[in-house]
Amino acid sequence: MKVIEITNTLVGESTFQGEPCTLIRLHGCNLKCHWCDTDWKNMQIEEYSVPQLVDKIVLQNKPIVLITGGEPLLHKEELPLLILSLLEKKNYHILIETNGTQDLSFLPIHKHGLHIIMDIKTPSSGVVAETLWSNLQWLQTDDDLKFVVDTWEDLKYVQSVMERVSPGLAVSNIFVQPVIDSKRNFLDPTQVSTEAPSSTEKPSLRQIGDWVLDFVPLPDCLQEGHRSIRMQIQLHKLIQMK
């Protein structure tokens, strides 16, 4: 497997946010999102066999393994074996971050300890048409669904998607995650234009929070016990940790 990074850190996003983990960053991505925060330049690639990578992870002695990229699901032959090998070694929680464009069905979805963190790409990503909607059927109750948002148009898109897919959706952890850049930062959550919203204008962190507060889930979702959408800010960026 082509690996860019192996490091111990805190989980930056998802329902496991803030917990210690071993992060495995795999090489390769099939998308070029406009606001991608992975700097691929000057990254060194190391080759590992699955047994070698398992041994390396076990030595880190962390209860959570976060496998990210790039797009981990491009490693179709090795990834299921890596997951199963780790679960046989220890009682791990294995988190797989995926951009939502690659088929999930080849993973051991129902295996205890495996958690999927899947993106649904929004208009500002520039790759909104790439989402593989059939993946929603494979998500379990404890998995995560994530929308990275940058504009008011993105928030409208989240609303429309949830109205369309909520009935019958098993996953109950649904996040809206703002893009953090020079026009939107942690020091001033009200920063960004205060003019009337337009489709391309960036809402501030506070405005995104207000949008989440006002979001009303469909009645059938409430009856099924699903949670509403939650706002999430990337912890690793806030505390400047990988």
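All right, on to the overall build of the chain then. When helices and strands are tallied, the chain shows six helices and nine strands. For the chain, the residues scored as buried account for 50% of the 242 residues in total. In the chain, 72% of the contacts between residues at least 6 apart in sequence involve partners at least 24 apart. Surface accessibility of the chain: about 11,900 Å² in total, with carbon and sulfur atoms responsible for 51%.

Turning next to the sheet that holds strand β7 (residues 144-149). One open sheet accounts for nine strands, arranged β3-β1-β2-β4-β5-β6-β7-β8-β9; its pairing is mixed. Each edge of the open sheet carries a strand with a single partner, namely β3 (46-47) and β9 (230-231). Pairing between strand β5 (residues 93-98) and strand β6 (residues 114-119): five bridges, direction parallel. Paired with Ile94 across the two strands is Leu114, which belongs to β6. Sheet strands touched by helix α1 (residues 50-60): β1 (2-10), β2 (20-26), β3 and β4 (64-68). Its angle to β1, the strand with the most contacts, is close to 15°.

Once that is clear, we can look at the packing of aromatic side chains. For any pair of aromatic rings, the description consists of the separation of the ring centres together with the inter-plane angle of the planes. By the definition in use, this model includes one aromatic pair. Where Trp211 meets Phe215, the ring centres are 5.5 Å apart and the plane angle is 40°; that geometry is what we call tilted. With respect to class, Trp211 is no different from Phe215; both count as buried. When the ring centre of Trp133 is taken as reference, the NZ or CZ atom of Arg164 above it lies at 4.4 Å.

Moving on, we come to the environment of Ile239. By the secondary structure assignment, Ile239 is in the segment after α6 (235-238). Through-space distance from the C-alpha of Ile239 to that of Gly12 is 9.6 Å; in sequence the pair is 227 residues apart.

Right, let's get into unusual backbone geometry. At the junction of Gly69 and Gly70, the peptide bond is cis and its omega measures out at 5° in the coordinates. Structurally, Gly70 can be placed in the loop between β4 and α2 (79-89). Despite not being glycine, Ser14 shows a phi value in the positive range, around 95°. Topologically, Ser14 is positioned in the loop between β1 and β2. At Gln240, a position not held by glycine, the phi torsion is positive, near 55°. For Gln240, the position within the fold is in the segment after α6.

Here we take up the pattern of salt bridges. Counted according to the given criterion, the structure contains six salt bridges. Among the ionic pairs, Glu13 bridges to Lys146, the shortest N-O distance being 2.4 Å. Here the residue Glu13 occupies a position in the loop between β1 and β2, and Lys146 occupies one in strand β7, the gap between them amounting to 133 residues. Among the residues examined, Glu13 registers a relative accessible area of 5% and is labelled buried. A salt bridge links Lys121 to Asp119; the nearest nitrogen and oxygen atoms lie 3.2 Å apart. A relative accessible area of 6% means that Lys121 is categorised as buried.

Calculation notes
- Residues numbered from 1 in each chain as written.
- Predicted model: local features only at pLDDT ≥ 70, side-chain atom pairs only at ≥ 80, totals over all residues.
- Heavy atoms only, no water.
- Helix = DSSP H or I, 4+ residues; strand = E, 2+ residues; numbered from the N terminus.
- Buried < 20%, exposed > 50% of the residue type's maximum accessible area, 1.4 Å probe, protein only.
- Contact = heavy atoms within 4.5 Å.
- Areas by Shrake-Rupley, 256 points an atom, 1.4 Å probe, with all protein chains shown as cover.
- Pairing = 2+ DSSP bridges.
- Axes fitted to C-alpha atoms, helices over the stretch in contact; angles between N-to-C directions.
- Phe/Tyr/Trp six-rings, centres within 6.5 Å; stacked < 30°, edge-to-face > 60°.
- Lys NZ or Arg CZ within 6 Å of the ring centre and 35° of its normal.
- Salt bridge = Lys/Arg side-chain N within 4 Å of Asp/Glu carboxyl O.

So yeah, pure geometry; function would need other evidence.
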